[in-house]
Amino acid sequence: MKRFLPAFAALLAVPLSAQAPVPAAPSSPAPRWSAPVLASLHKWLAAAPEDALPPPDASALEAAERLGDTAAVDNTADALALKLARMHLAGCCDAAAHAGWHITDTDRTDDLPARIAAAVAGGTLDAFFAGLAPDNPEYAALRAALATEKDPARKATLARNMERWRWLPRDPGAGSGGRYLLVNTAAFEVSTWAGVKRLDRRAVINGKVSSPTPIFSARVTGIIFNPWWDLPPNIVREGIGALAARNPAAARAKGYVWSGGHFRQRPGPTNSLGAMKLVMPNPYNIYLHDTPAKQLFARPVRAFSHGCVRVSDALGFAATLVDESRPAVDARVAAGATVTVPLPAPLPVYIAYFTAGLGPDGQVAFYPDIYRRDGAMGDKKDRRKFCPA
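The structure displayed is predicted, hence computed values, not measured ones. (Residues numbered from 1 in each chain as written. Predicted model: local features only at pLDDT ≥ 70, side-chain atom pairs only at ≥ 80, totals over all residues. Heavy atoms only, no water.)

**Some points on the packing of helix α3 (residues 59-67) against helix α4 (residues 70-90)**
Each pair of packed helices gets described by two things: the angle between the helix axes and the distance between those axes.
Here is step 1 of the chain: The contact between α3 and α4 brings their axes to 9 Å, and the two run at 160°. One finds that α3 runs roughly antiparallel with respect to α4. For the element pair α3 and α4, the recorded crossing hand is left-handed. Along its contact with α3, which presents Ala60, Leu61, Ala64 and Glu65, the element α4 presents Ala72, Val73, Thr76, Ala77 and Leu80.
Here is step 2 of the chain: Counted by class, the contact of α3 with α4 contains 7 nonpolar, 1 polar and 1 charged residues. (Axes fitted to C-alpha atoms, helices over the stretch in contact; angles between N-to-C directions. Helix = DSSP H or I, 4+ residues; strand = E, 2+ residues; numbered from the N terminus. Parallel < 35°, antiparallel > 145°, perpendicular 65-115°, else oblique. Left-handed = near helix turned anticlockwise from the far one by under 90°. Contact = heavy atoms within 4.5 Å. Nonpolar A, V, L, I, M, F, W, Y, C, P; charged D, E, K, R; others polar.)

**Some remarks on the UniProt feature "active site" (unreviewed entry) in the protein chain**
Here is step 1 of the chain: The positions UniProt marks with the feature "active site" (unreviewed entry) are His289 and Cys308. Of the residues just listed, which span 20 residues, no C-alpha pair is farther apart than 7.7 Å, and they cluster in one region.
Here is step 2 of the chain: Looking at where His289 falls in the secondary structure, it is placed in strand β10 (residues 288-289).
Here is step 3 of the chain: Residue classification places His289 among the buried positions, given a relative accessible area of 4%.
Here is step 4 of the chain: Each residue touching His289, except ones within four places of it in the same chain, is listed here: Ser272, Leu273, Met276, Lys277, Cys308, Val309, Arg310 and Val311.
Here is step 5 of the chain: Along the chain, the position of Cys308 falls in the loop between β11 (303-305) and β12 (309-311).
Here is step 6 of the chain: Other than its neighbours up to four places away in sequence, Cys308 contacts Ile205, Asn206, Gly207, Thr213, Asn285, Ile286, Tyr287 and His289. (UniProt positions renumbered as here; feature names shortened; annotations may be inferred. Buried < 20%, exposed > 50% of the residue type's maximum accessible area, 1.4 Å probe, protein only.)

**A look at helix α11 (residues 314-322)**
Here is step 1 of the chain: The element α11 is largely enclosed, with a buried count of 8 among its 9 residues.
Here is step 2 of the chain: Along α11, the residues classified as buried are Ala314, Leu315, Gly316, Phe317, Ala318, Ala319, Leu321 and Val322.
Here is step 3 of the chain: Immediately beyond the C-terminal end of α11, within one or two residues, lies Asp323, with a positive phi of roughly 60°.

**Quick look at the packing of helix α2 (residues 35-46) against α3**
Here is step 1 of the chain: Where α2 meets α3, the closest approach of the two axes is 12 Å, and the angle between their N-to-C directions is 155°. Considering the angle they form, α2 stands roughly antiparallel to α3. Like other packed secondary-structure pairs, α2 and α3 cross with a definite hand, here left-handed. For the pair α2 and α3, the contacting residues are Leu38, Leu41 and His42 in the first and Leu61, Glu62 and Glu65 in the second.
Here is step 2 of the chain: Its residues assigned to classes, the contact of α2 with α3 comprises 3 nonpolar, 1 polar and 2 charged.

**Points about the packing of aromatic side chains**
Here is step 1 of the chain: Summed over all chains, the structure comprises 10 aromatic pairs.
Here is step 2 of the chain: Consider the rings of Trp165 and Phe354, whose centres lie 4.9 Å apart with planes at 25°: the pair is stacked. Of this pair, Trp165 sits in helix α8 (residues 152-166) while Phe354 sits in the loop between β13 (339-352) and β14 (356-358), and the two are 189 residues apart along the sequence.
Here is step 3 of the chain: Phe354 gets classed as buried once you look at its relative accessible area, which sits at 3%.
Here is step 4 of the chain: Relative to Tyr350, the ring of Tyr180 lies with its centre 6.0 Å away and its plane at 85°, an arrangement referred to as edge-to-face. One end of the pair, Tyr180, is in strand β2 (residues 179-184); the other, Tyr350, is in strand β13, and 170 residues separate them in sequence.
Here is step 5 of the chain: The class for Tyr180 is buried, based on a relative accessible area of 2%.
Here is step 6 of the chain: Through successive ring pairs, a cluster of aromatic residues spans Trp101, Trp165, Trp167 and Phe354.
Here is step 7 of the chain: Across the ring face of Tyr287, the terminal group of Lys277 is positioned such that the distance to the ring centre comes to 4.2 Å.
Here is step 8 of the chain: Cation over ring: Arg373 sits above Tyr353, and NZ or CZ is 5.0 Å from the ring centre. (Phe/Tyr/Trp six-rings, centres within 6.5 Å; stacked < 30°, edge-to-face > 60°. Lys NZ or Arg CZ within 6 Å of the ring centre and 35° of its normal.)

**What about the nonpolar core?**
Here is step 1 of the chain: Within the largest apolar cluster, 65 residues are counted, with the highest numbers of intra-cluster contacts made by Ile223, Met276, Leu278, Met280, Leu288 and Phe317.
Here is step 2 of the chain: For Ile223, the residues in contact, after removing those within four places along its chain, are Met276, Lys277, Leu278, Val279, Ala318, Leu321, Val322, Val339, Thr340, Val341 and Leu343.
Here is step 3 of the chain: Within the second largest apolar cluster, 29 residues are counted, among which are Val37, Ala58, Leu82 and Ile116. (Core = buried A, V, L, I, M, F, W, Y, C linked by side-chain atoms within 4.5 Å.)

**Structural notes on the sheet that holds strand β7 (residues 256-259)**
Here is step 1 of the chain: One open sheet accounts for 3 strands, arranged β6-β8-β7; its pairing is antiparallel. Each edge of the sheet is formed by a strand with only one pairing partner; in this case those strands are β6 (229-230) and β7.
Here is step 2 of the chain: Here β6 runs beside strand β8 (residues 262-265); their pairing, made up of 2 bridges, is antiparallel. Directly across from Trp229, in β8, lies its bridge partner Gln265. (Pairing = 2+ DSSP bridges.)

Dropping the structure here:
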């Protein structure tokens, strides 16, 4: 024992400042969500109904904030921001509401978690959320109308159509310099767009209630002038087949011929495709084309076709797409030959359905739900389908 005393005494003589430091208690990690960014998130959550979206429940986040639980705040804020962002970008209705909507929304592939993390770190959450809504004046007009509309049925219609805009790609003209075609079969019109600017709008005729025009997207690569019409079997069954069997001469006079195992109609003034047809391959065999029955464009409700979309002033429309003068297009048709002219670049076309939108007078207009597709989105009694606030 005595031989340890000198060493113990020497240790006591060492100043405290020279002794090994005591390790500090571990500190909590710094919060990723700062107070200003959290305030921005709360603002956007509360404002969700302004975009016809249900506000996500923020009670768990508020509880974590009261307790000062940094980890819980970060995790809950991440989840809420992601949920809200997904609704703004791609909509909030479930798969049942999308029945029949065959337009791929490329926004669903967006890496939202990474974008949210960057916005939180950079303090740019406001700019992030502001950049998610559809960037089109039609959506902006519906949103403004929703803020002042008092009628519950009209508010529901506005909300449904805002949701439909979220189902489109936010940049519909991606890969085509911003240009695209948008057909609204509820309004019986086709519009040509360049970014957020509508270049023109034209009346169309689309499918009957018994043969509604489907909702889908395609790419227009060219225009066929003086097209042949290959008759689908259902149209042959409706009468052409019987006419050809009963009165072959009358069928020939209308341009119908039997060729390659099916009926075709020659180009000419009686051809059901008129003088032009867009080249837009799709699985529905639906096209935009001319028509000899131009008197039908004077009707306010123009649901007369078997599903295809007939365009008014189709040759003027074609001239704008192929970037040719109208006299040059007229000369092509007058020559009588069937010829395909490629577009300068492929053009996206969206065949959609909006029962509310901007009318030609710049005011929000409501259109008849001719195909009863609003009902497929349900209502507030059926929250499984209809989620807009």
